[in-house]
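Descriptive analysis of the structure
As a plain string of letters, each chain reads:
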Amino acid sequence: MMRTTLLQRRLISASDFRCTAGPDDKPFVEQYRCHSVSYVRKGSFGCRTHGRTFDLVTGSILVGYPGDEYLCTHDHVCGDECLSFFLTPELIEMIGNDVATWRIGAAPPLPELMVLGELAQASADGRSDIGLDEIGQLFASRFVEVVSGRSRQVAQPSARDRRRAVETALWIEANSQREIDLDDAADQAGVSPFHFLRQFSSVLGVTPHQYLVRSRLRHAARLLASEEIPVTDIAYDVGFGDLSNFVRTFHRAAGVSPRSFRAAARGNRKIFQDRPALH
């Protein structure tokens, strides 16, 4: 089993698991250390827990409860890959701590969870501007709603919520060249990350991380259009951690590379005209 830690935050962490075990490998008993939800993104495996046996395939969810023992088997195929989120007791209290929900062992491929699971994987791969901590909390919250059958009643944002969201957005914009995560933004707003994510998204229509990335893109576009600064310097100056991430994110937003965007800003309009039509 190969584990890669992708995220470590105050309320949530995430890891990528890749298992190469097959039918000839002897299974062994393990124990969950905390609440967890693991999205099976590839392969298949079995899980025995609570006296029950589950067969998980792509799209299934493995559910962990602190202290419970489980045993994974690979009787049918060799190998699987999972994207796992680990949740603190504080976050569980906010999401919903119904024991029956968290001790189901596993959930089948459900459309409401599969679409969020794929969005989470896109975030982990750098193919989405939503934060992995953000989609992880949304994924876990949606899991509780779907499995328990009880939808969370989300109150309309109050005037205070709206002011808090707007003020924090202005702070993100002013500091977008810095490393800012959900915990940082929530601390600035003075509320928990879980509640801030819902309030900010409800008021402004984007998550805090999406707003951060788009602020960086706006600054980059202005510099590309008006300055002679090298593209690599612009990438780092506006807050992107590496050039390839900047180029990929900018191209996804603009439809052209940063260099082509700069050329278009200098008068080469044909760059945009030559783009294939969208159907």
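Coordinates for the structure precede this section.
Residues numbered from 1 in each chain as written. Predicted model: local features only at pLDDT ≥ 70, side-chain atom pairs only at ≥ 80, totals over all residues. Heavy atoms only, no water.

**Some details on the sheet that holds strand β2 (residues 12-19)**
As summarised here, the arrangement of the six strands in space is β1-β2-β9-β4-β7-β10, forming an open sheet in which the pairing is antiparallel. The open sheet has two edge strands with one neighbour each: β1 (2-8) and β10 (106-107). Bridge analysis of strand β4 (residues 35-43) against strand β9 (residues 80-87) gives eight bridges, and the strand direction is antiparallel. Of the residues in β9, the one forming a bridge with Val 40 is Cys 82. Of the strands in this sheet, β1, β4, β7 (61-64) and β9 are in contact with helix α3 (residues 111-124), which crosses β4 at around 85°. (Pairing = 2+ DSSP bridges. Helix = DSSP H or I, 4+ residues; strand = E, 2+ residues; numbered from the N terminus. Contact = heavy atoms within 4.5 Å. Axes fitted to C-alpha atoms, helices over the stretch in contact; angles between N-to-C directions.)

**Notes on the nonpolar core**
Of all hydrophobic cores here, the largest spans 28 residues; its most connected members are Val 37, Ile 61, Phe 85, Leu 87, Leu 91, Trp 102 and Phe 139. Counting only elements with at least two residues in this core, the list comes to β2, β4, β7, β9, α1 (89-95), α3 and α4 (132-148). A total of six residues in this core trace back to one element, the largest contributor, which is α4. Once you skip the residues sitting within four places of it in the chain, Trp 102 turns out to touch His 35, Ser 36, Val 37, Val 63, Gly 64, Tyr 65, Leu 87, Ile 92, Gly 96, Asn 97, Phe 143 and Val 144. (Core = buried A, V, L, I, M, F, W, Y, C linked by side-chain atoms within 4.5 Å. Buried < 20%, exposed > 50% of the residue type's maximum accessible area, 1.4 Å probe, protein only.)

**Details of the packing of aromatic side chains**
This structure, assessed with the given rule, holds ten aromatic pairs. Ring geometry for Phe 240 against Phe 246: centres 5.2 Å apart, planes inclined by 55°, an arrangement best described as tilted. Residue classification places Phe 240 among the buried residues on the basis of a relative accessible area of 4%. Ring pairing ties together the aromatic residues Phe 240, Phe 246, Phe 250 and Phe 261, which thus form one cluster. (Phe/Tyr/Trp six-rings, centres within 6.5 Å; stacked < 30°, edge-to-face > 60°.)

**A word on the packing of helix α8 (residues 208-226) against helix α11 (residues 258-265)**
At their nearest, the axes of α8 and α11 sit 8 Å apart, and the two run at 55° to each other. Here α8 lies oblique to α11, going by the angle between them. α8 and α11 meet at a crossing whose hand is right-handed. In this structure, α8 contributes Ala 221, Leu 223, Leu 224 and Ala 225 to the contact, and α11 contributes Pro 258, Phe 261, Arg 262 and Ala 265. Partitioned by chemical class, the residues of the contact of α8 with α11 number seven nonpolar, no polar and one charged. (Parallel < 35°, antiparallel > 145°, perpendicular 65-115°, else oblique. Left-handed = near helix turned anticlockwise from the far one by under 90°. Nonpolar A, V, L, I, M, F, W, Y, C, P; charged D, E, K, R; others polar.)

**What about the side chain of Asp 183?**
Within the fold, Asp 183 resides in helix α6 (residues 182-189). Look at Asp 183: it is buried, it has no salt bridge, and the nearest opposite charge is Arg 10 at 4.1 Å. Not counting the four nearest positions on each side in its chain, Asp 183 is found in contact with Arg 9, Arg 10 and Pro 193. (Lys, Arg positive; Asp, Glu negative; His and termini not counted. Salt bridge = Lys/Arg side-chain N within 4 Å of Asp/Glu carboxyl O.)

**Observations regarding the pattern of salt bridges**
Within the structure shown, the criterion is met by 14 salt bridges. Two residues, Arg 9 and Asp 181, come together in a salt bridge whose shortest N-O distance is 3.2 Å. Of the two residues, Arg 9 sits in the loop between β1 and β2 while Asp 181 sits in the loop between α5 (159-174) and α6, which places them 172 residues apart along the sequence. Owing to a relative accessible area of 28%, Arg 9 belongs among the partly exposed residues under this scheme.

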